[in-house]
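Structure assessment
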Amino acid sequence: MADEMERTQMRTAVEVQEYARALKEDPDVTVLELRFVATRLSECLTDALRIAESRGGRLERERMPE
């Protein structure tokens, strides 16, 4: 279940990143749109860091001799 949640979070991050890149190129982008995408990017980064920390912890436990 956790792996599926991670996959969903990473897919969402890719979608938000694509949206942010498109907005960056739009000369008519509004402050509200930029604020929205900045908030979503921050959420995605938080998720990615949580995933990395979780996986890093799992990797450390797997490497430890018993």
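These notes cover the structure that comes with them. These figures come from a predicted structure and were not determined experimentally.

Below, the discussion takes up the overall build of the chain. Scanning the chain from terminus to terminus reveals two helices and zero strands. Surface exposure of the chain reaches about 5,600 Å², of which carbon and sulfur atoms provide 59%.

Judged by nonpolar contacts, Ala13, Val16, Ala20, Leu23, Val37 and Cys44 together constitute the single largest core of six residues. Of all the elements in the fold, those that place two or more residues in this core are α1 (2–25) and α2 (31–63). Considering every element that reaches this core, the biggest residue donor is α1, with four residues.

Okay, the pattern of salt bridges next. The final tally for this structure, using the stated rule, is seven salt bridges. The salt bridge partner of glutamate 4 is arginine 11, with a shortest N-O separation of 3.5 Å. Under the relative-accessibility criterion, arginine 11 is labelled partly exposed at 43%. Connected via shared salt-bridge partners are Asp3, Glu6 and Arg55.

Considering the arrangement of structural elements, one finds leucine 41 in helix α2. Note: C-alpha distance between leucine 41 and tyrosine 19 (22 residues apart in sequence) is 9.9 Å. Ignoring sequence-local partners within four residues, the contact set of leucine 41 consists of Val16, Gln17 and Ala20.

The next subject is the environment of glutamate 33. Checked against the element boundaries, glutamate 33 lands in helix α2. For the pair formed by glutamate 33 and leucine 23, sequence separation is 10 residues and the distance between their alpha carbons is 8.0 Å. Residue contacts for glutamate 33: discarding those within four places in its chain leaves Leu23 and Asp28. At 2.8 Å, the side chain of glutamate 33 and the backbone nitrogen of threonine 30 are in polar contact.

Okay, α1 next. With 24 residues, α1 extends 35 Å between its outermost C-alpha atoms, agreeing within 8% with the 34 Å of an ideal straight helix rising 1.5 Å per residue. Buried residues of α1: Glu6, Gln9, Ala13, Val16, Ala20 and Leu23, and no others.

Calculation rules
Residues numbered from 1 in each chain as written. Predicted model: local features only at pLDDT ≥ 70, side-chain atom pairs only at ≥ 80, totals over all residues. Heavy atoms only, no water. Helix = DSSP H or I, 4+ residues; strand = E, 2+ residues; numbered from the N terminus. Areas by Shrake-Rupley, 256 points an atom, 1.4 Å probe, with all protein chains shown as cover. Core = buried A, V, L, I, M, F, W, Y, C linked by side-chain atoms within 4.5 Å. Buried < 20%, exposed > 50% of the residue type's maximum accessible area, 1.4 Å probe, protein only. Salt bridge = Lys/Arg side-chain N within 4 Å of Asp/Glu carboxyl O. Contact = heavy atoms within 4.5 Å. Polar contact = N/O pair within 3.5 Å; in protein donor to acceptor, adjacent residues only side chain to side chain. Expected span 1.5 Å × (residues − 1).

Remember, this is a structural readout, not a statement about activity or role.
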